[in-house]
Amino acid sequence: VQLVESGGGLVQPGGSLRLSCAASGFTFSKYDMTWHRQAPGKQREWVATITSADGSTNYANSVKGRFTISRDNAKSMVYLQMNSLKPEDTAVYYCTALSSGIPWGQGTQVTVSS
């Protein structure tokens, strides 16, 4: 049972990245999935959620209009498309399966800097 994030990297302000999260060992389609992030010296912050029932989405105000969460139940994958990136988006990004008890993964580092 695990969640493995990937796709992070260094990008200039205004750029884009697509994060991926591969889920295994549980019935992925049954769970709402989220992305969180944690910047150095700051508390972990919720970023976005996509539901299992109908794929509806919800976003933190800080990323609304710039980030898009999506999922592919056939592949047990969840994605985070990040556009118009800002330096304040710099953080380690984690995906989680809500109310599952599944441990958080190692995260993927996103650095936005010129």
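Rules used in this analysis
- Position numbers for residues start from 1 in each chain and track the written sequence from start to end.
- pLDDT decides what is reported in this predicted model: residues at 70 or higher carry local features, side-chain atom pairs at 80 or more are listed and counted, and totals for whole chains, interfaces and linings draw on all residues regardless.
- Side-chain descriptors were evaluated using all non-hydrogen atoms of the structure, hydrogens and water having been removed beforehand.
- Strands are runs of DSSP state E lasting at least 2 residues, helices are runs of H or I lasting at least 4, and numbering of each runs from the N terminus.
- Summary of the burial criterion: residues with accessible area below 20% of their type's maximum are buried, those above 50% are exposed, and those between are partly exposed, where the area comes from a 1.4 Å probe applied to protein chains only.
- In this scheme, strands are said to pair when DSSP sees at least two bridges between them.
- Note on geometry: axes are C-alpha line fits, over the in-contact stretch for helices, and angles between N-to-C directions span 0 to 180 degrees.
- Nine residue types can take part in a nonpolar core, namely buried Ala, Val, Leu, Ile, Met, Phe, Trp, Tyr and Cys, and a core is a set of them joined through side-chain atoms within 4.5 Å.
- The contact criterion used is simple: two residues touch if any of their non-hydrogen atoms lie within 4.5 Å.
- Paired rings are identified among Phe, Tyr and Trp, the last through its six-membered ring, by centres lying within 6.5 Å, and are further divided according to the angle between planes into stacked (under 30 degrees), edge-to-face (over 60) and tilted (the rest).
- In this analysis the charged atom, NZ for Lys or CZ for Arg, is taken to sit over a ring once it is within 6 Å of the ring centre and within 35 degrees of the ring normal.

Caption draft 1: Up close: unusual backbone geometry. Unusually for a residue other than glycine, S76 sits at a positive phi of about 55 degrees. You can see S76 is positioned in the loop between strand 7 (67–72) and strand 8 (77–82). Here S84, not a glycine, exhibits a phi torsion of approximately 50 degrees, which is positive. Within the secondary structure, S84 is located in the loop between strand 8 and strand 9 (91–97). You can call S84 partly exposed: its relative accessible area is 41%.

Caption draft 2: Here's a closer look at the sheet that holds strand 4 (residues 33–38). With mixed pairing, six strands are arranged side by side in an open sheet as 2-10-9-4-5-6. At either end of the open sheet lies a strand with only one pairing partner, and these are strand 2 (9–11) and strand 6 (57–59). Taking the axes of each pair of neighbouring strands and ignoring which way they run, one obtains an average angle of 25 degrees across the sheet. Pairing geometry for strand 2 and strand 10 (residues 108–112), over three bridges, is parallel. The residue bridging G9 from the neighbouring strand is V110, located in strand 10.

Caption draft 3: The nonpolar core, seen in detail. Membership of the largest hydrophobic core comes to 30 residues, with the highest contact counts inside it found for W35, V78, L80, M82 and Y93. Secondary-structure elements contributing two or more residues to this core are strand 3 (17–24), strand 4, strand 5 (45–50), strand 7, strand 8, strand 9 and strand 10. Setting aside its immediate chain neighbours within four residues, V78 contacts L19, S20, C21, F28, M33, W35, I50, I69, S70, R71 and C95.

Caption draft 4: Focus on the sheet that holds strand 7. Sheet architecture is open: four strands sit in the order 1-3-8-7, paired in antiparallel fashion. Looking at strand neighbours, the two that pair on one side only are strand 1 (2–6) and strand 7, the edges of this open sheet. Averaged over all neighbouring strand pairs, the angle between strand axes comes to 15 degrees, with direction disregarded. Summarising the sheet, strand 1 and strand 3 pair through five bridges and their orientation is antiparallel. From the neighbouring strand, S6 faces strand 3, where its bridge partner is S20.

Caption draft 5: How the structure looks around the packing of aromatic side chains. One pass over the full model with this rule turns up three aromatic pairs. Counting every residue linked through ring pairs, the aromatic cluster contains F26, F28 and Y31. Sitting over the face of the ring of W104, R44 holds its NZ or CZ atom 4.1 Å from the ring centroid. The ring centre of F28 lies 4.5 Å from the NZ or CZ of R71, which sits over that ring.

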